[in-house]
Amino acid sequence: MKEPFLPAVFSNRFVVVNRTNRRHTSSALCVHISQVLHRHTLSAPACMVMLSFILDQGERDIRKVLPYLEDSGCRLHYLVLAGSWSDKRFIGEQDLEFLKTGIKRGRIHYFDLLVTRSPPRFQQRTIAVAQVIRAVLDGSCR
């Protein structure tokens with residue numbers, strides 16, 4: 001659990017929840033998120049949680065994390081990076097539809113730029129993601 005920090009490119013402090021469902025079970029991730037939220041209740045920083053879009057019915061399936069996030073009482077923004085760095089895979093329409101139906105309170109920001117092993121395209125997507133995060137932190141993106 002990191003302390004809230006102020007990144008140079010943003011004007012608000014936030015906490016990075018330093019676990020993902022790629023390396024830890026979804027249940028363990030929910031416990032960790034709960035601990036982070038409890039620890040930072042008074043400072044109320046924005047929190048960033050990285051989720052891998054895993055829909056395999058296994059222990060790391062995102063279906064176990066989404067309801068927890070939706071019930072957290074937090075203002076939620078899901079930044080979906082649809083294109084993979086390592087190969088030309090995209091998050092499928094069916095999986096994206098699952099996300100849309102599973103989210104009741106949050107907002108989805110979809111980034112579909114193909115970045116596969118292209119540093120310029122990756123930089124372009126990074127700038128676009130940073131702009132959305134900045135708008136969310138500034139309150140102009142609800």
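Everything quoted here is computed from the prediction, not taken from an experiment.

Asks: Whenever I open this one, the nonpolar core confuses me. Can you help?
Replies: One broad rule of soluble globular proteins: the nonpolar side chains tend to lie buried together. In terms of nonpolar packing, the biggest core is built from 17 residues, with I33, V65, L66, L69, Y78 and L99 touching the most fellow members. Taken together, the elements giving at least two residues each to this core come down to strand 1 (14-17), helix 1 (26-39), helix 2 (66-70), strand 3 (77-81) and helix 3 (93-102). Ranked by residue count, the leading element in this core is helix 1, at four residues. If near-sequence neighbours (up to four positions away) are discounted, V65 is found in contact with S26, L29, C30 and L51.

Asks: Which parts of the structure should I look at to understand unusual backbone geometry?
Replies: The phi angle of most residues is negative, glycine excepted, and most peptide bonds adopt the trans form. In the Ramachandran plot, Q57 falls in the positive-phi region, its phi being about 65 degrees despite a non-glycine side chain. Unusually for a residue other than glycine, R117 sits at a positive phi of about 55 degrees. Residue position: R117 is located in the loop between strand 4 (107-111) and helix 4 (119-138). Under the relative-accessibility criterion, R117 is labelled exposed at 57%.

Asks: Just checking my understanding: could you explain the pattern of salt bridges for this structure?
Replies: Any two side chains of opposite charge can pair, so long as their charged atoms come close to each other. Evaluated as defined, the whole model comprises two salt bridges. The closest approach of N and O atoms between D61 and R63, which form a salt bridge, is 2.8 Å. Since its relative accessible area comes to 2%, D61 is described here as buried. In this structure R63 comes out as partly exposed when scored by relative accessible area, which is 31%. A salt bridge links D87 to R89, with the shortest nitrogen-to-oxygen separation between them at 2.9 Å. In this structure D87 comes out as partly exposed when scored by relative accessible area, which is 27%. The class for R89 is exposed, based on a relative accessible area of 53%.

Asks: Is there a simple way to think about the layout of surface pockets in this case?
Replies: In this approach a probe as big as a water molecule rolls over the atoms, and the regions it shows empty are the leftover space. Taken as a whole, the largest pocket encloses approximately 1,900 Å³ of empty space. What lines the largest pocket is a set of 50 residues, among which M48, V49, M50, L51 and L79 lie closest to the centre. Those elements that provide at least two residues to the lining of the largest pocket are strand 1, helix 1, strand 2 (46-49), strand 3, helix 3 and helix 4. Ranked by the residues each element gives to the lining of the largest pocket, the list is headed by helix 4, at six residues.

Asks: Please explain the confidence of the model for the protein chain as it appears in this structure.
Replies: Predicted coordinates in regions of low pLDDT should not be interpreted in detail. Within the protein chain, residue pLDDT values average 86, and 91% of them lie at 70 or more. The least confident element of the protein chain is strand 1, whose mean pLDDT is 79; the most confident is strand 4, at 94.

Asks: Is there a simple way to explain the packing of aromatic side chains in this structure?
Replies: Each aromatic ring pair is described using two quantities: the centre-to-centre distance and the angle formed by the ring planes. Under the definition given, this model contains one aromatic pair. Measuring from ring centre to ring centre gives 5.4 Å for W85 and F122, while their planes differ by 75 degrees; the resulting arrangement is edge-to-face. Placement of W85 in the loop between strand 3 and helix 3 and of F122 in helix 4 is noted, with a sequence separation of 37 residues between them. The class of F122 is partly exposed, set by a relative accessible area of 36%. Sitting above the plane of the F98 ring, R63 keeps its charged end 5.1 Å from the centroid.

Asks: Looking at this structure, I do not really get the environment of I62. What am I missing?
Replies: Relative to the helices and strands, I62 is located in the loop between strand 2 and helix 2. Using a relative accessible area of 4% as the deciding quantity, one classes I62 as buried. Sequence separation between I62 and L51 is 11 residues; the distance between their C-alpha atoms is 7.4 Å. Excluding residues within four positions of it along the chain, I62 makes contact with N21, S26, L51, S52, I54, L55 and F98.

The rules we used
- Residues numbered from 1 in each chain as written.
- Predicted model: local features only at pLDDT ≥ 70, side-chain atom pairs only at ≥ 80, totals over all residues.
- Heavy atoms only, no water.
- Core = buried A, V, L, I, M, F, W, Y, C linked by side-chain atoms within 4.5 Å.
- Buried < 20%, exposed > 50% of the residue type's maximum accessible area, 1.4 Å probe, protein only.
- Helix = DSSP H or I, 4+ residues; strand = E, 2+ residues; numbered from the N terminus.
- Contact = heavy atoms within 4.5 Å.
- Salt bridge = Lys/Arg side-chain N within 4 Å of Asp/Glu carboxyl O.
- 1 Å grid on protein atoms, 1.4 Å probe; cavity = no way out; pocket = protein on both sides within 12 Å on 5 of 7 lines; lining within 4 Å.
- Points joined across faces, edges and corners; volume = space filled by probe spheres on them.
- pLDDT = per-residue confidence, 0-100.
- Phe/Tyr/Trp six-rings, centres within 6.5 Å; stacked < 30°, edge-to-face > 60°.
- Lys NZ or Arg CZ within 6 Å of the ring centre and 35° of its normal.

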